[in-house]
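# Close look at the chain arrangement
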There are 2 protein chains.
Amino acid sequence: MQLSKTFDYAIRSLVYLARLPEGEAAELRAISLSQSVPMSYLAKVMRHLVRGGLVTSILGRDGGYSLRKKPRDITLLQVYEIMEGELRFVECMENDRNCSLFNGCTQATVWRRLRQAVEGIFRETTLEDLLPKNAGESVPTPIKESGYARAGA
Amino acid sequence: MQLSKTFDYAIRSLVYLARLPEGEAAELRAISLSQSVPMSYLAKVMRHLVRGGLVTSILGRDGGYSLRKKPRDITLLQVYEIMEGELRFVECMENDRNCSLFNGCTQATVWRRLRQAVEGIFRETTLEDLLPKNAGESVPTPIKESGYARAGA
DNA sequence: CAATCGTGGATATCTAATGTCCACAATTGC
DNA sequence: GCAATTGTGGACATTAGATATCCACGATTG
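Reading the values: rules and limits
- By convention here, each chain's residues receive numbers from 1 onward along its written sequence.
- Ligands are numbered from 1 and chains lettered from A, in the order in which they are written.
- At least 70 in pLDDT is required for a residue's local features to be given in this predicted model, at least 80 for side-chain atom pairs to be given and counted, and no such filter applies to totals for whole chains, interfaces and linings, which use all residues.
- The side-chain quantities take in all heavy atoms of the structure and omit both hydrogens and water.
- It only takes one pair of heavy atoms within 4.5 Å for two residues to be counted as in contact.
- Two parts placed together each lose some accessible area under a 1.4 Å probe, and adding up what both lose gives the buried area.
- What makes a salt bridge here is a side-chain nitrogen of Lys or Arg within 4 Å of a carboxyl oxygen of Asp or Glu, nothing more.
- Pairs of N or O atoms within 3.5 Å make up the polar contacts considered here, provided that, within protein, one atom can donate a hydrogen while the other can accept it, and that residues adjacent in sequence are counted only when both atoms are side-chain atoms.
- Counting from the N terminus, the helices are DSSP H or I runs at least four residues long and the strands are E runs at least two residues long.
- When at least one non-hydrogen atom of a residue lies within 4 Å of a molecule or strand, that residue is treated as near it.
- Residue classes follow a fixed rule: Ala, Val, Leu, Ile, Met, Phe, Trp, Tyr, Cys and Pro count as nonpolar, while Asp, Glu, Lys and Arg count as charged, and any other residue, Gly among them, counts as polar.
- Only residues with pLDDT of at least 70 in both copies count here: their C-alpha atoms drive the least-squares fit that superposes the copies.
- Any pair of Phe, Tyr and Trp rings, taking the six-membered ring for Trp, is counted once the centres come within 6.5 Å. Such a pair is stacked with planes under 30 degrees apart, edge-to-face with planes over 60 apart, and tilted for the rest.
- Between buried and exposed lies partly exposed: a residue is buried under 20% and exposed over 50% of the maximum accessible area for its type, with that area taken using a 1.4 Å probe on protein chains only.
- At least two DSSP bridges between two strands are needed for those strands to be called paired.

### Concerning the interface of chain B and chain A
The interface of chain B with chain A comprises 38 residues on the first partner and 38 residues on the second. For the pair chain B and chain A, the two sides together bury roughly 3,700 Å², of which 67% comes from carbon and sulfur. Viewed at the interface, chain A and chain B are joined by zero salt bridges. The interface formed by chain B and chain A holds eight residue pairs in polar contact (both at pLDDT 80 or more) in total. Looking at the side of chain B that touches chain A, the elements that each hand over two or more residues are α1 (5-18), α2 (28-35), α4 (76-84) and α5 (107-124) of chain B. It is α5(B) that provides the largest number of residues to the side of chain B that touches chain A, a total of nine residues.

### Quick look at the side chain of A:Thr6
All names here are of chain A. Structurally, the position occupied by Thr6 is in helix α1 (residues 5-18). Of the polar contacts made by the side chain of Thr6, one reaches the side chain of Tyr41; its length is 2.7 Å. If we ignore the near neighbours within four places in the chain, the residues touching Thr6 are Tyr41, Val45 and Met83.

### Regarding the protein's contact with DNA strand C
Neighbouring residues of DNA strand C: 25 residues in total, closest A:Lys5, A:Thr6, A:Lys44, B:Ser57 and B:Tyr65. Sugar and phosphate atoms form 68% of the subset of DNA strand C atoms that lie within 4 Å of the protein. Interatomic distance of 3.3 Å between a backbone N/O atom of A:Arg61 and a base oxygen of DNA strand C. One nitrogen or oxygen atom from the side chain of B:Tyr65 is found 2.8 Å from a phosphate oxygen belonging to DNA strand C. Elements represented by at least two residues in the surface near DNA strand C include exactly α1 and α3 (39-51) of chain A together with α2, α3 (39-51), β1 (55-58) and β2 (64-67) of chain B. Taken together, the residues that form the surface near DNA strand C break down as eight nonpolar, eight polar and nine charged.

### Structural notes on the relation of the copies chain B and chain A
Under the fitted operation, chain B is carried onto chain A by 0.0 Å of movement along the axis and a turn of 180°, and the coordinates agree to an RMSD of 0.1 Å. When the rotation and shift are considered jointly, the pair of chain copies conforms to a two-fold rotation axis. Judged by C-alpha distance, B:Met1 is the residue of chain B that lies nearest the rotation axis, at 2.5 Å. Looking at the interface residues of chain B, 100% of them are also at the interface in chain A, so both copies use one shared face.

### Observations concerning the protein's contact with DNA strand D
Taken together, 26 residues sit near DNA strand D, with A:Ser57, A:Tyr65, B:Lys5, B:Thr6 and B:Lys44 positioned nearest. Among the atoms of DNA strand D lying within 4 Å of the protein, the sugar-phosphate backbone contributes 67%. The separation between a phosphate oxygen of DNA strand D and a polar side-chain atom of A:Ser57 is 2.8 Å. Between DNA strand D and B:Thr6, the relevant distance is 2.7 Å, taken from a phosphate oxygen to a side-chain nitrogen or oxygen of the residue. Every element with two or more residues in the surface near DNA strand D is listed here: α2 (28-35), α3, β1 (55-58) and β2 (64-67) of chain A together with α1 and α3 of chain B. Residue composition of the surface near DNA strand D, by class: eight nonpolar, eight polar and 10 charged.

### Remarks on the packing of aromatic side chains
Within this structure, the stated rule accounts for 10 aromatic pairs over all chains. With centroids separated by 5.7 Å and ring planes inclined at 35°, the aromatic side chains of B:Tyr80 and B:Phe122 adopt a geometry described as tilted. Residue B:Tyr80 is found in helix α4, and its partner B:Phe122 is found in helix α5; the two are separated by 42 residues along the sequence. The exposure class assigned to B:Phe122 is buried, which follows from its relative accessible area of 0%. Clustering of aromatic rings is evident, with ring pairs tying together A:Phe7, A:Tyr80, A:Phe122 and B:Trp111.

### A few points about the pairing of β1(A)
All names here are of chain A. Here β1 pairs with β2 via four bridges, running antiparallel. When the bridges of β2 are listed, Ile58 appears paired with Gly64. Between the end of β1 and the start of β2, which pair antiparallel, lie five residues, with Gly60 showing a positive phi angle near 70°.

This is the structure:
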């Protein structure tokens, strides 16, 4: 019942990008530092987001990442599906192939209800909802940068 | 976002017990067979349920397990907490110690809403809800018993 | 006392998440 | 063109947790 760090990283990175001034891009290093996420791992996360169409990447010098949509047009459900695939609580959720037990699987109803609930929340929550309220704040910095985002890629 | 097999095993075993005639107990082997769960692993699951107070165990010959409460008095939330501990979606859910980022963690709200939703469903769903509707049915048997519950403990 | 159960805990295996690395392609400034 | 910078791609390593196995033991019954 845990959400993966990867998913959390993705959201935090997106929020970071959403807080940038219009049209500006952020480097991997900056995001990594601000979120205390290993740079090489974050790189992988960002690639997902790029392929998923939520983020644009700019190559070469002065490159970086920037949002491709308005914060309010990015839902957590989109992010989840890009990072983790379809929302599912048990192996057998859709395909009865896996489950050789034919107790009519009375659990299925519960799992389905669970998914609907979670999916609903994810669908209704956009990046905008995750932006800090106090407007005139600048991008946050990490408390201690214990070894993240050093030399490397 | 996956539920553990262990949790699923626990529920299925409880449902199995709930379907027994009043006051009857079931052996580990029988449960294991019916659910296609390795016996030695199921033993561990059952111990949790015993310690958690949902199930009584009878030692010695003709021993086995039986429910300690009525099916409608056992909620999925109880089962979950016994098997997995407190419901939680991210590490930092309660204690801010883990999280050295002070972006005010706007996600926290979402995680909390998520938990409330799931917790609600778990709290409202009892074992009774998981019993097959068609009354006069006997305890199910597995389709194929491919190697489970053989010799061993 | 012998057969049958569950108990307890150490240990092993497996799998997915997480993290690391390096060669490469794109872009920009000189 | 060249060097520096930035993201890309994929192979690989590590870790952690879930899952599974084992065995010596205690309880119970006939």
